[in-house]
Amino acid sequence: MNNLKRSPVLIRAASVIMRSHMRIRTVLKAFLWIVGASLTVLLALVVWQIFPGAPGVAKSLKFEGFVVLPKDRRARLLTVLDYLTLSGKNLFVTNVSTGTVYKIPLNDDGLASTSDVSMFELEPAAHGVVVDPISGMAYVTRSEANTVDIFDPSTMRLVTRIPVADDPDGIFYISAIQAIYAASGDAKTATLIDPSTRKVSATVALGGKPEFGVFDTRTNLFYQNIEDTSSIAAVDLSTHAVVTRWPLYDCVRPTGMAIDEPARRLYIGCSGNSRLAVFDLEKHWVVTSIPVGGGPDSVAYDAGLHRIYVTGRKGVLCVVEQDSKGAFATLDTIRLHYGAHTLAVDPASHRMYVGYASLVAAPRIAVFSPLGD
């Protein structure tokens, strides 16, 4: 009799337990579905990163193909390329991950075969390359070694090492004074090197962390982006001093820079707020800024086509065009590949080269030709 009275309670308890089990199973199924979907997306991203496809549709550029770089014996899982430097018919590319410098002898069509690419291998964290037109020797910055290494492009072998201040990155040849200018980020300093003696001739205190810079032949000043203060420092290389500074309004953490000397303009990539700032060299302020792809790093100006090219860490290439009245408009926004953040433009052929980061696969350079020129 007592068991019969308790049976409804047991039935209700069993029902509650069954409903609880069903809820647990539903939650578990949902969890497993989310995990499966996340893994699928992650796998798709990994595959996309390993096997970069052709760039997105563009109306201003034609994709000519890739130059695949040779296997690096010290290659890591992730390979990040840095500066691209054109010198005659050679394109120099640096590999931050391994320290290798590649020399690509370009064909008439702007491409090259992997077998023709030569390498100069040394310590990791290679950044900028510049070639002294007088001696023919090349210079590369290495931020982990804190050196500027001189190497012979004909043999791709080290000639000598020059110690410089901490974290050397951008490097430039200044023809007006026949000197090499190397900017060191952590030291907030620039080092001048005399190519004839291969020794440091002077240092310049920049008062902030330098990024890219350009030399203006009209004023004989070197305009240096200062990333941590979002400003420009005007450097007098004859006195080895900063003579003035200008704030960059609506430009956070300036990186890449290009100059249009006839129009008295600087074009500056702003990595902190993803804009391209146009700085007037007569008025000394930003006259306009244009939205560009995420994390802009490299900026190049093609004077013949009046085009400005910008790319950054999110792998978006923006093509900005200047019309005859001086107005700026975005001509193209092209999806490339995540980490395709550095570029160079050949002023003669108007071809453009973009360095692709890579995961597992060999790094490569994308080659473009202009349309509508």
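Residues numbered from 1 in each chain as written. Predicted model: local features only at pLDDT ≥ 70, side-chain atom pairs only at ≥ 80, totals over all residues. Heavy atoms only, no water.

(A) A look at the pattern of salt bridges. Applying the stated criterion across every chain, the model contains 10 salt bridges. One salt bridge in this structure joins R161 and E123, with 3.1 Å as the shortest N-O distance. On the criterion of sequence distance, the pair formed by R161 in strand β10 (residues 157–163) and E123 in the loop between β6 (118–120) and β7 (126–131) is long-range, its members being 38 residues apart. According to the relative accessible area criterion, E123 is partly exposed, its value standing at 30%. When the shortest N-O distance is used, the salt bridge between R307 and E321 registers 4.0 Å. In this pair, R307 sits in strand β24 (residues 307–312) while E321 sits in strand β25 (residues 316–322), placing the two residues 14 residues apart along the sequence. Residue E321 is classed as partly exposed on the basis of its relative accessible area of 30%. (Salt bridge = Lys/Arg side-chain N within 4 Å of Asp/Glu carboxyl O. Helix = DSSP H or I, 4+ residues; strand = E, 2+ residues; numbered from the N terminus. Buried < 20%, exposed > 50% of the residue type's maximum accessible area, 1.4 Å probe, protein only.)

(B) Geometry of the nonpolar core. Counting 17 residues, the largest nonpolar core has Y223, I232, L248, L266, I268 and F279 as its most contacted members. Looking at this core, the elements that each hand over two or more residues are β16 (221–226), β17 (231–236), β19 (254–260), β20 (265–270) and β21 (275–280). At 3 residues, the largest contribution of residues to this core is made by β20. (Core = buried A, V, L, I, M, F, W, Y, C linked by side-chain atoms within 4.5 Å.)

(C) Local environment of the state of the cysteines. Tallying each qualifying case throughout the model produces 1 disulfide. The disulfide bridge from C251 ends at C270, spanning 2.1 Å between sulfur atoms. One disulfide, between C251 and C270, carries an S-S torsion of -105° and so falls in the left-handed class. On the criterion of sequence distance, the pair formed by C251 in the loop between β18 (241–247) and β19 and C270 in strand β20 is long-range, its members being 19 residues apart. C270 gets classed as buried once you look at its relative accessible area, which sits at 0%. (Disulfide = S-S within 2.5 Å.)

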